[in-house]
Amino acid sequence: MSNEVCDVYIFDEKVVASVKHELDNIDVMSMLLIFKALADKNRLFICYSLLIEEKLCVCDIANIIGATIATTSHHLRYLHKAHIVQVEKVGKNAFYSLKDDHIRTLIQTALVHGDEEHDA
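Okay, so let's go over this structure.

Here is what the cut-offs are and how they apply
Residues numbered from 1 in each chain as written. Predicted model: local features only at pLDDT ≥ 70, side-chain atom pairs only at ≥ 80, totals over all residues. Heavy atoms only, no water. Disulfide = S-S within 2.5 Å. Patch = residues over 30% accessible without salt bridge, like charges linked within 9 Å, V, L, I, M, F, W, Y side chains within 5 Å. Areas by Shrake-Rupley, 256 points an atom, 1.4 Å probe, with all protein chains shown as cover. Salt bridge = Lys/Arg side-chain N within 4 Å of Asp/Glu carboxyl O. Helix = DSSP H or I, 4+ residues; strand = E, 2+ residues; numbered from the N terminus. Buried < 20%, exposed > 50% of the residue type's maximum accessible area, 1.4 Å probe, protein only. Expected span 1.5 Å × (residues − 1). Arc of directions from axis to C-beta. Contact = heavy atoms within 4.5 Å. Axes fitted to C-alpha atoms, helices over the stretch in contact; angles between N-to-C directions. Parallel < 35°, antiparallel > 145°, perpendicular 65-115°, else oblique. Nonpolar A, V, L, I, M, F, W, Y, C, P; charged D, E, K, R; others polar.

Considering the state of the cysteines
And step 1. Scanning the model with the defined rule gives zero disulfides in all.
And step 2. Cysteine Cys 47 remains unbridged, with the sulfur of Cys 57 as its closest cysteine sulfur at 17 Å.
And step 3. Unpaired in this structure, Cys 59 has its nearest cysteine sulfur neighbour in Cys 57, at a distance of 4.1 Å.

Looking at a nonpolar patch on the surface
And step 1. A cluster of nonpolar side chains, contributed by Val 15, Val 19, Leu 23, Ile 26, Val 28, Met 29, Met 31, Leu 32 and Phe 35, occupies part of the molecular surface with about 840 Å² of accessible area.
And step 2. Relative to the helices and strands, Val 15 resides in helix H1 (residues 13-24).
And step 3. We classify Val 15 as partly exposed; its relative accessible area is 47%.

Considerations on helix H5 (residues 69-81)
And step 1. With 13 residues, H5 should cover 18 Å at 1.5 Å per step; its first-to-last C-alpha distance of 18 Å lies within 8% of that length.
And step 2. Those residues of H5 lying buried are Thr 72, His 75, Leu 76 and Leu 79. The buried residues of H5 all sit within an arc of 100° when viewed along its axis, so they share a single face. Along H5, the residues that are exposed and aim more than 90 degrees away from the buried face are Ala 70 and Lys 81.
And step 3. Structurally, H5 contributes buried residues whose contacts are with helix H2 (28-38), helix H3 (41-52), helix H4 (58-65), strand E2 (85-90) and strand E3 (93-98).
And step 4. Backbone geometry just after H5 places His 83 at a positive phi near 60°.

Examining the packing of H3 against helix H6 (residues 101-115)
And step 1. Here H3 crosses H6 at 105°, and the two axes come no closer than 10 Å. Between H3 and H6, the angle is such that the two are roughly perpendicular. Touching Cys 47, Tyr 48 and Leu 51 of H3 are Arg 104, Ile 107, Gln 108 and Leu 111, all from H6.
And step 2. Grouping the amino acids of the contact of H3 with H6 by side-chain chemistry returns five nonpolar, one polar and one charged.

With respect to the environment of Lys 36
And step 1. Counting through the fold element by element, Lys 36 comes out in helix H2.
And step 2. Looking at Lys 36, the relative accessible area reads 56%, which means it is exposed.
And step 3. Apart from the residues within four sequence positions on either side, Lys 36 is in contact with Arg 43 and Tyr 78.

A look at the side chain of Ser 49
And step 1. Its location among the elements puts Ser 49 in helix H3.
And step 2. In contact with Ser 49, other than residues within four places in its own chain, are Leu 56 and Ile 64.

Spelled out as structure tokens, the structure:
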């Protein structure tokens, strides 16, 4: 039998009940919103670009990801609604930056994790 599954079906009822109780008390929807937003290549590229350069104008971001202003704005609105980026209007330009250190850490950690060699 594969070593990816148990050979015998048995579980610890106390542990299962405890974990289920914890899961019932977390806001999973906010986490889903973040991970869903970051699951798109262009949105992830936008966020990584904002790690490299702290603030970027919509026009710069559009050129970085090779998209139109309209498409880029759509991605940025999605990221804004997910509380991943914030916007600052300066004159006629809109500059975006990552919302906070939690988001920076999440993206940096994912990048490092993705670069590590993993067992096949």
